[in-house]
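A look at the structure
These are the residues of each chain, in order.
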Amino acid sequence: MQNLDQDVVIVGAGPAGLSAAQMLGRARRRTLVLDSDSPRNRFAEHMHAVVGFDGTSPSELRRRGREEAERYGVVFRSARVERVDEIDGGLEVVLAGSTERITTRLLLVATGVSDRLPDVPGLAERWGRTVLHCPYCHGWEVRDRRIGVLATSPMSLHQIELVRQWSAEVVAFTAAAGDLGDDVRERLRARGIRTVASPVVAVTGPAEAADDADDAAIGDVVTADGQRVAIDAIFTGGHLEPHDGFLAGLDLARADGPVGSFIAVDAAGATSHPLVWAAGNVVAPMANVPLSMGAGSMAGAAVNAALVALDAAAAVERRRGHAADWEARYAETDRVWSGRVNETTSTVIAELEAAGSLAPTTALDLGCGEGGDALWLASRGWSVTGVDLSPTAVARARAAARNAQLDATFVAGEIDAAELGEFDLVTTSFLHSWDPEFSRIPLLRAALRHVAPGGRLLVVSHAGGPPRGPEDGEPHEHPPFATPAEERAALELDPAEWIVEREEVVERREIHERRARVASAPVASAPVASTPAASSPAASRPPHLLDGVLLLRRLP
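Read on for a plain summary of the structure. (Residues numbered from 1 in each chain as written. Predicted model: local features only at pLDDT ≥ 70, side-chain atom pairs only at ≥ 80, totals over all residues. Heavy atoms only, no water.)

Looking only at helices and strands, the chain features 13 helices and 26 strands. The burial tally for the chain puts 49% of its 556 residues in the buried class. Considering only contacts within the chain whose residues lie at least 6 apart along the sequence, 69% involve residues at least 24 apart. Put simply, the chain shows about 26,500 Å² of open surface, and 51% of that area lies on carbon and sulfur atoms. (Helix = DSSP H or I, 4+ residues; strand = E, 2+ residues; numbered from the N terminus. Buried < 20%, exposed > 50% of the residue type's maximum accessible area, 1.4 Å probe, protein only. Contact = heavy atoms within 4.5 Å. Areas by Shrake-Rupley, 256 points an atom, 1.4 Å probe, with all protein chains shown as cover.)

Here we come to the pattern of salt bridges. Summed over all chains, the structure comprises 29 salt bridges. Between Arg-83 and Glu-82 there is a salt bridge whose closest N-O contact spans 3.4 Å. Between Arg-554 and Glu-422 there is a salt bridge, and its shortest N-O distance comes to 3.4 Å. Separated by 132 residues along the polypeptide, Arg-554 in strand β26 (residues 546-554) and Glu-422 in the loop between β22 (408-412) and β23 (423-429) bring together distant segments of the chain. Accessibility expressed as a relative area gives 16% for Arg-554, which makes it buried. Relative accessible area serves as the criterion here: at 44%, Glu-422 is assigned to the partly exposed category. Among the ionic contacts, a cluster of salt bridges with common partners joins Asp-7, Arg-29, Arg-30, Arg-105 and Asp-311. (Salt bridge = Lys/Arg side-chain N within 4 Å of Asp/Glu carboxyl O.)

Counting across every chain of the model gives one aromatic pair. A centroid spacing of 5.6 Å and a plane angle of 90 degrees characterise the contact between Tyr-136 and Trp-166, whose relative ring orientation is edge-to-face. Here Trp-166 lies in the loop between α4 (156-163) and β10 (170-173) and Tyr-136 lies in helix α3 (residues 135-138), a separation of 30 residues in the sequence. Of note, Arg-143 hangs over the ring of Trp-140, and the distance from its end group to the ring centre comes to 4.1 Å. (Phe/Tyr/Trp six-rings, centres within 6.5 Å; stacked < 30°, edge-to-face > 60°. Lys NZ or Arg CZ within 6 Å of the ring centre and 35° of its normal.)

Let's shift gears to the packing of α4 against helix α5 (residues 182-190). It is at 11 Å that the axes of α4 and α5 come closest, and there the two elements cross at 20 degrees. Accordingly, the angle class assigned to the pair α4 and α5 is roughly parallel. Helix-helix and strand crossings are classified by hand; for α4 and α5 the assignment is left-handed. Residues Leu-157, Ile-160 and Glu-161 of α4 form the contact with α5, whose participating residues are Val-184, Arg-187 and Leu-188. (Axes fitted to C-alpha atoms, helices over the stretch in contact; angles between N-to-C directions. Parallel < 35°, antiparallel > 145°, perpendicular 65-115°, else oblique. Left-handed = near helix turned anticlockwise from the far one by under 90°.)

As a further point, take the sheet that holds strand β14 (residues 228-230). Strands sit in the order β12-β13-β14 across an open sheet of three strands; the sheet is antiparallel. Looking along the sheet, the strands with just one partner apiece sit at the ends: β12 (200-204) and β14. Adjacent strand axes in the sheet meet at a mean angle of 25 degrees, parallel and antiparallel pairs treated alike. Here four bridges tie β12 to strand β13 (residues 220-223), and the two strands are oriented antiparallel to one another. (Pairing = 2+ DSSP bridges.)

The end-to-end C-alpha distance of helix α9 (residues 391-404), which contains 14 residues, comes to 20 Å, matching closely the 20 Å that a straight helix rising 1.5 Å per residue would cover. Of the positions making up α9, those classed as buried are Thr-392, Ala-393, Val-394, Arg-396, Ala-397, Ala-400 and Ala-401. Residues of α9 that are buried make contact with α6 (289-331), α8 (372-379), β21 (383-388) and β22. (Expected span 1.5 Å × (residues − 1).)

A few words now on the packing of helix α10 (residues 440-449) against helix α11 (residues 484-491). Put simply, α10 and α11 touch, their axes get as near as 10 Å, and they point 70 degrees apart. The orientation of α10 relative to α11 falls into the category roughly perpendicular. Considering the relative orientation of α10 and α11, their crossing is right-handed. Packed against α10, whose contacting residues are Arg-440, Ile-441, Leu-444, Arg-445 and Leu-448, the element α11 presents Glu-487, Ala-490 and Leu-491 at the interface. Of the residues contributing to the contact of α10 with α11, the split by class is five nonpolar, no polar and three charged. (Nonpolar A, V, L, I, M, F, W, Y, C, P; charged D, E, K, R; others polar.)

Our next topic: the pairing of strand β4 (residues 81-87). Direction of pairing for β4 relative to strand β5 (residues 90-95): antiparallel, over a ladder of six bridges. Paired with Ile-87 across the strands is Gly-90, a residue of β5. In sequence, β4 turns back onto β5 through a hairpin of two residues, with Gly-89 there showing a positive phi of about 85 degrees.

This part takes up the sheet that holds strand β15 (residues 233-236). The five strands are arranged β8-β15-β9-β10-β11 in an open sheet whose pairing can be described as parallel. With partners counted over all chains shown, the strands left at the sheet margins are β8 (131-132) and β11 (194-196), one partner each. Where β10 lies against β11, three bridges are found, and the strand directions are parallel. Each bridged residue has a counterpart across the sheet, and for Val-171 the counterpart in β11 is Arg-194. Lying on the sheet, α4 is in contact with β9 (147-150), β10 and β15; it crosses β9 at an angle near 170 degrees.

Take the pairing of β21 next. Judged by how many residues are buried, β21 sits mostly within the fold: five of six residues are covered. Pairing of strand β20 (residues 362-366) with β21 involves five bridges; the strand directions are parallel. The partner of Leu-366 across the bridge, within β21, is Val-387. Alignment of β21 against β22, held across five bridges, turns out to be parallel. Paired with Thr-385 across the bridge in β22 is Thr-409.

Looking at where Val-75 falls in the secondary structure, it is placed in strand β3 (residues 75-78). The class of Val-75 is partly exposed, set by a relative accessible area of 43%. Val-75 has contacts with Thr-31, Leu-32 and Val-33, leaving out every residue within four places of it along the chain.

A few words on α10. Within α10, seven of the ten residues are buried, which leaves the element mostly enclosed by the surrounding structure. Those residues of α10 not exposed but buried are Arg-440, Ile-441, Leu-443, Leu-444, Ala-446, Ala-447 and Leu-448.

With that settled, the discussion passes to unusual backbone geometry. Unlike most non-glycine residues, Arg-28 shows phi in positive territory, near 65 degrees. Exposure remark for Arg-28: the relative accessible area of 77% places this residue in the exposed category. The phi dihedral of Glu-492 falls on the positive side, at around 50 degrees, and the residue is not glycine. Structurally, Glu-492 can be placed in the loop between α11 and β25 (498-507). A relative accessible area of 64% means that Glu-492 is categorised as exposed.

What follows is about the side chain of Ser-429. The topology assignment puts Ser-429 in strand β23. A distance of 2.7 Å separates a polar atom in the side chain of Ser-429 from a polar atom in the side chain of Thr-345. Reaching out from Ser-429, the side chain makes a polar contact with the side chain of Asp-373 at a distance of 2.8 Å. Here Ser-429 is in contact with Asn-342, Thr-345, Leu-366, Asp-373 and Val-460, once residues within four sequence places are set aside. (Polar contact = N/O pair within 3.5 Å; in protein donor to acceptor, adjacent residues only side chain to side chain.)

Structural data, given as structure tokens:
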């Protein structure tokens, strides 16, 4: 999988974007939020109909939401997105006024809309204070006042009748509503709603205002025929313009509705593009703050679910590729390893046997390769099973067992998928990989599950290499080796179930000296797992002189 900058880029930090960011941050996703710092509700001083936040300013909600998301590792940047391009494995976000490119696996758009108000002098400068759009958001604050409704289309009839709930003094300016019809006029008159058909040409402040008067206060609404209608607040609806132009290159499907054309999404915010989601007013312009928050939360969860599916698919591909690489490595040569048992493994086991604390019973060798360690155990009387993901390696191990007339079983398959039961001794020697995403700790946890009560797990690992000379060529690339202590900590062993018997790093020179003091049985001549077979001076020495030893015993 290509290494992209982010798991998710969220464009927009309003209620929807912040809710999505919190969901994704809590899901431990690398999340970047880009915001132009111009939220739709920045003109309003307070929010209402938001449970638990009634009367809170929009800026305070944004501040708290950002602070919460940042606690989960979400990063915020002030920026405007110019466009989004498709790239291999993801998307590239291009910032306006910058050469910077941000790559991401998925994109979540929460950029909202702009309200384009009727071109009436005095209207825009009062927007969000005495010129309002939502009775549920602001009706309570202007209840029982003189309220005007400036129609912008025939759809405004709904707003006209709705506002009557908050005041008995409602004046409807209906020039843009078209012909209302007799039945509508009768209904409005029955509710005490006055209608003014002449177009509105201006909104003015109070005729006599003190120097410290509220500059948002309304005095009169002026119409084309010269009427001056005294009003305290106006509800109207402007043209809603979604902030989605930067997505034009992705050719997203759109849905045309009564208030305009918007990006089409499903209930979870998924667009027609498999890597793009959208939530909030940019796709649902009539949604209030709670609805936008809910949509953002749902979209954030949906984006994480999509990433989970992508991660699983990538893991399967990587797992199959890893197995194929090892199989290819074994298949391209007659023998990969030297045919000798891992000397650290044999020394530790021989010492335990000599001390009388370990006797040959059942053993499992995980990552057995061509079988050297398993056959050495079999030669000492152990009933051994070896597992390796390479069929070629397993076939060689079986052939070596037949040639040596040793009783050993070998299985081709994934270590963590093997259902083999429990064993008194489980070993794994040099279970490493060149793949930086190799899942060693999960494999060691799988090994723990195969240890019988009272049994042992012996993990021998590379812990460091020798000084390199001119004849050694380029160093072998591999991820950093963890120490036995680090791996033990990563395994998170239950102290009520496991005892750590050995946890150390040893040098191969010391192992040779210790082996000389320990009587060990002859080693079976069989292919194995540790030292490469080669004839060059560099390859004749072991590639690593430091071995990690982690010996664990499961309590009975």
